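Structural overview
Here are the chains, one letter per residue:
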Amino acid sequence: MNMVQAITGIRFIQAGEIGLMSVITNQSEVHILRKSDIFDYSKIVKLATDAYDEYDAKVISHDEAVKRFLKGCKSGGVIYERSK
């Protein structure tokens, strides 16, 4: 992840007026992250922080940290889905 991606991701989480963010995978597939009606800022921040802390401690890889966040983000009210 580069600095632009990190700042964009943080802005998506923090800004109430931003409800959707596009994600382009390494395989050139387009997905979206979108906030649902049950978006929970605290849960999303905890999920992201926990994944990052494990990555930073070299417990999991970068890819595993990203997958962990994306797999769990629905519990915080963020839907990750393929763009139509």
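Refer to the structure presented above.
Residues numbered from 1 in each chain as written. Predicted model: local features only at pLDDT ≥ 70, side-chain atom pairs only at ≥ 80, totals over all residues. Heavy atoms only, no water.

Quick look at the nonpolar core now. Counting residues in hydrophobic clusters, the biggest one holds nine residues: F12, I13, M21, L33, I44, L47, F69, C73 and V78. When contributions to this core are tallied by element, the ones reaching two or more residues are α1 (3-14) and α2 (41-56). (Core = buried A, V, L, I, M, F, W, Y, C linked by side-chain atoms within 4.5 Å. Buried < 20%, exposed > 50% of the residue type's maximum accessible area, 1.4 Å probe, protein only. Helix = DSSP H or I, 4+ residues; strand = E, 2+ residues; numbered from the N terminus.)

What follows concerns the packing of aromatic side chains. The tally for this structure, following the rule as stated, stands at one aromatic pair. Their ring planes at 55 degrees and their centres at 6.1 Å tell us that Y52 and Y55 sit as a pair that is tilted. One end of the pair, Y52, and the other, Y55, are both in helix α2, three residues apart, so they sit about a helical turn from each other. A cation over a ring is seen here: K35 above F39, with NZ or CZ 4.8 Å from the ring centre. (Phe/Tyr/Trp six-rings, centres within 6.5 Å; stacked < 30°, edge-to-face > 60°. Lys NZ or Arg CZ within 6 Å of the ring centre and 35° of its normal.)

Okay, the side chain of H31 next. Tracing the backbone shows H31 in strand β2 (residues 30-35). H31 gets classed as buried once you look at its relative accessible area, which sits at 11%. Discounting residues that sit within four places of it in the chain, H31 has contacts with M21, S22, V23, T25, Y80, E81, R82 and S83. (Contact = heavy atoms within 4.5 Å.)

Another point: α2. The α-helix advances 3.6 residues per turn, and as a result positions three or four apart in sequence lie on the same side. The terminal C-alpha atoms of α2 lie 22 Å apart, and with 16 residues this matches the ideal 22 Å at 1.5 Å per residue to within 8%. Those residues of α2 that fall on the buried side of the exposure criterion are I44, L47 and A51. All buried residues of α2 lie within an arc of 65 degrees about the axis, which places them on one face of the element. Turned more than 90 degrees from where α2 packs its buried face, S42 and K46 sit exposed. Measuring from the backbone nitrogen of S42 back to the side-chain oxygen at the start of α2 gives 3.1 Å, which picks out D40 as the cap. Phi turns positive one or two residues past the end of α2, at K58, with a value near 60 degrees. (Expected span 1.5 Å × (residues − 1). Arc of directions from axis to C-beta. Polar contact = N/O pair within 3.5 Å; in protein donor to acceptor, adjacent residues only side chain to side chain.)

The pairing of strand β1 (residues 20-24) with β2 spans five bridges and is classified as antiparallel. Pairing of S22 across the sheet is with I32, part of β2. In this antiparallel pair of consecutive strands, β1 and β2, the connection spans five residues, and S28 shows a positive phi of 65 degrees. (Pairing = 2+ DSSP bridges.)

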